[in-house]
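# Structural overview for review
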Amino acid sequence: FAYSGFTKITGEFAAGGYLSNVAATNGNPLAGLFAWMGSTPWFVEFANVAVPYGELFIGLGLLVGAFVRLAAFFGALMMLMFYFGNWDMGHGFINGDFAYMLVFLAVAAFAAGRILGLDSFVEGYEVGGRPLVERYPWARYLLG
């Protein structure tokens, strides 16, 4: 993810053509949604920024183990959209995009950032004499 985002940022990336054309050609159940996204200028501009930077930050978060649950959630969301965008039932419902979505969800569920990542250090960081996650319990949903 980090490499894919980096290459999109440093190269030319345009989401409009993908959004407008991909779903209509493969019998996608969300073809209308993808057509709307591809024909809506503000959404195309949003996707032109959100996809490359989202991929970069998701990849970096997972590589260093920081904000793993947040990164895994958005990674799963991106993979879900890629799953529907690359819709092909020639080999069944399960493809690489779906499998990666499940991996992202498993990483989030098991709080993998606490095992070999920076999240364990961030959670233990003291704020006002108390660990961060004790002072701000909602942070547990982002870290781990």
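Everything below is about the structure printed above this text.
Report on the accompanying structure. Here the structure is a predicted model, which is why all the values come from computation and not from measurement. (Residues numbered from 1 in each chain as written. Predicted model: local features only at pLDDT ≥ 70, side-chain atom pairs only at ≥ 80, totals over all residues. Heavy atoms only, no water.)

## Focus: the packing of helix α4 (residues 41–64) against helix α5 (residues 68–85)
Closest axis-to-axis distance for the α4/α5 pair is 9 Å, and the angle between their directions is 135°. Regarding the angle of α4 to α5, the classification is oblique. By crossing handedness, the relation of α4 to α5 is classed as left-handed. Each of A50, V51, G54, E55, I58, G61 and L62 in α4 lies in contact with α5, whose residues at this interface are V68, A71, A72, F74, G75, M78 and F82. Residues belonging to the contact of α4 with α5 are distributed by class as follows: ten nonpolar, three polar and one charged. (Axes fitted to C-alpha atoms, helices over the stretch in contact; angles between N-to-C directions. Helix = DSSP H or I, 4+ residues; strand = E, 2+ residues; numbered from the N terminus. Parallel < 35°, antiparallel > 145°, perpendicular 65-115°, else oblique. Left-handed = near helix turned anticlockwise from the far one by under 90°. Contact = heavy atoms within 4.5 Å. Nonpolar A, V, L, I, M, F, W, Y, C, P; charged D, E, K, R; others polar.)

## Quick word on the packing of aromatic side chains
Two descriptors summarise a pair of aromatic rings, namely the distance from one centre to the other and the angle between the planes of the rings. All chains considered together, the criterion is met by twelve aromatic pairs. Seen from their ring centres, Y83 and F84 are 5.3 Å apart, and the 70° between their planes marks the pair as edge-to-face. Given a relative accessible area of 6%, Y83 falls into the buried group. One aromatic cluster is present, built from ring pairs that chain together W36, W42, F43 and F46. (Phe/Tyr/Trp six-rings, centres within 6.5 Å; stacked < 30°, edge-to-face > 60°. Buried < 20%, exposed > 50% of the residue type's maximum accessible area, 1.4 Å probe, protein only.)

## Considering the layout of surface pockets
In this structure, the largest pocket spans a volume of roughly 640 Å³. Lining of the largest pocket is provided by 26 residues; of these, A50, V51, M78, M81 and F82 occupy positions nearest its centre. When residues of the lining of the largest pocket are traced back to their parent elements, those giving at least two are α2 (16–21), α3 (31–39), α4 and α5. When residues of the lining of the largest pocket are assigned to their parent elements, the largest contribution, ten residues, is made by α4. (1 Å grid on protein atoms, 1.4 Å probe; cavity = no way out; pocket = protein on both sides within 12 Å on 5 of 7 lines; lining within 4 Å. Points joined across faces, edges and corners; volume = space filled by probe spheres on them.)

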